[in-house]
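Summary of structural features
In case you want the letters, here they are:
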Amino acid sequence: MRHPARVRLKPLAEQVVVITGASSGIGLATARLAARRGARLVLASRNEAALKAVCEELQAQGREALYVVADVANEDDLRRVAGAALERFGGFDTWVNNAGVTIYGRVEDVGIADAKRLFETNFWGVFHGSRIAVEHLRERGGALINVGSDLSEHAVPLMGVYSASKHAVMGLTDALRVELERARAPVSVTLVRPSGIDTQIVPHAKNYMDEAPSLPPPVYAPQVVARAILHAAGHPTRDLFAGAAARVLATVTHFLPRTSDWILRRLVWGQLHSGRPRLAGPDGLHASAGGPPRERFGGPALVFRRSLYTTLARHPMAVRAAALLAGAALFAAFSARRRLSR
């Protein structure tokens, strides 16, 4: 049997990290956290003003960061991102495909041009970015991290096109991982699957609904995903759920699909409707919605800043040790009870 090569990743403080979609939300939170941990950064987005502001912020803190204005749907743009990393830093060690856009609306209502544009960003952006990253990482070694979704394995009504794109990202990522392992390439390939995250996903979405959409609870802060991404940048990881809700939904969908359908039909459907008027600002589907760099939208009343599940998942040995200790304690208690009953 041919085993995959053992991938060794540098400490984050020694890495050059490329992040797409870095001007807001998860990408921005990841960039700031990576900078604090000593990484050098190459940031990409369509929003030049926000990218410039982020780089100036990080450089003022003594960090090394550069930006490239890029639309991930355009392969040439992403090659310019890789070229900038090569020219400034001699290459990169981690590539994070994070950029994404969203559509809210019934599948039958969504325009074909809008659906195609969403796939150009969410799927083809990951496709182009993954292939460009692997071209470089095959020789240098490193990590490719694709940001999927809790919808990578199940679908949500009124987000059907988005759900389909994240299914596609999961299929691409899983196939690429096996191909690289078969070739014994020194590349770690990770799919990070966030739960609902308080980012600009709602105000930047293309909305076909009669009201503003809402994120079903529980909702997590983008830093939960950023910590998961940066864990994968330093530790080879197959996939990682950011937020326990994503893990629960995937499990229910896999083992109890009709129960999952019932939950979506009876509970989640209503939670997707905010009851508030539609937002007036521009969406970010076909072009950048603009605006300053902003991690969170601030819509949900309750946002979890941490996920115990994701923290434990980042440390599988600790989980195993805890399970062994719990098992040993149960065995000791059972043995003591048997002795007392004699």
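A few points on the structure. (Residues numbered from 1 in each chain as written. Predicted model: local features only at pLDDT ≥ 70, side-chain atom pairs only at ≥ 80, totals over all residues. Heavy atoms only, no water.)

**Things to note about the environment of P217**
Definition in use: Per the convention used, a helix needs a DSSP run of H or I reaching at least four residues, while a strand needs a run of E reaching at least two, with both numbered from the N terminus. When accessible area is computed with a 1.4 Å probe and restricted to protein chains, residues below 20% of their type maximum are described as buried, those above 50% as exposed, and intermediate ones as partly exposed.
In this structure, P217 sits in the loop between β9 (206-207) and β10 (219-220). Taking relative accessible area as the criterion, P217 reaches 56% and is therefore assigned exposed. Separated by 22 residues in sequence, P217 and S195 have C-alpha atoms that sit 9.2 Å apart.

**With respect to helix α4 (residues 112-122)**
For clarity, the threshold we go by: Each direction from the helix axis to a C-beta atom contributes to the arc, which is the arc of those directions. Only heavy atoms enter the contact rule, under which two residues are in contact if any of them lie within 4.5 Å.
Listed in full, the buried residues belonging to α4 are D114, A115, R117, L118, T121 and N122. End-on, the buried residues of α4 take up no more than an arc of 160°, which puts them together on one face. For α4, exposure combined with an orientation more than 90 degrees from the buried face picks out I112, A113 and K116. Lining the buried residues of α4 we find β5 (103-104), α5 (124-140), α6 (160-182) and β9.

**Points about the pairing of strand β4 (residues 94-97)**
Quick reminder of the rule: Any two strands are treated as partners once DSSP identifies two or more bridges connecting them.
Alternating residues of β4 divide into T94 and V96 and W95 and N97, and every residue in both groups is buried. Of the strand pairs in this sheet, strand β1 (residues 16-20) and β4 are connected by three bridges, and their pairing is parallel. Directly across from V18, in β4, lies its bridge partner W95. Both β4 and strand β6 (residues 142-147) contribute to a ladder of four bridges, which runs parallel. Among the inter-strand pairings, T94 is bridged to a residue of β6, identified as A143.

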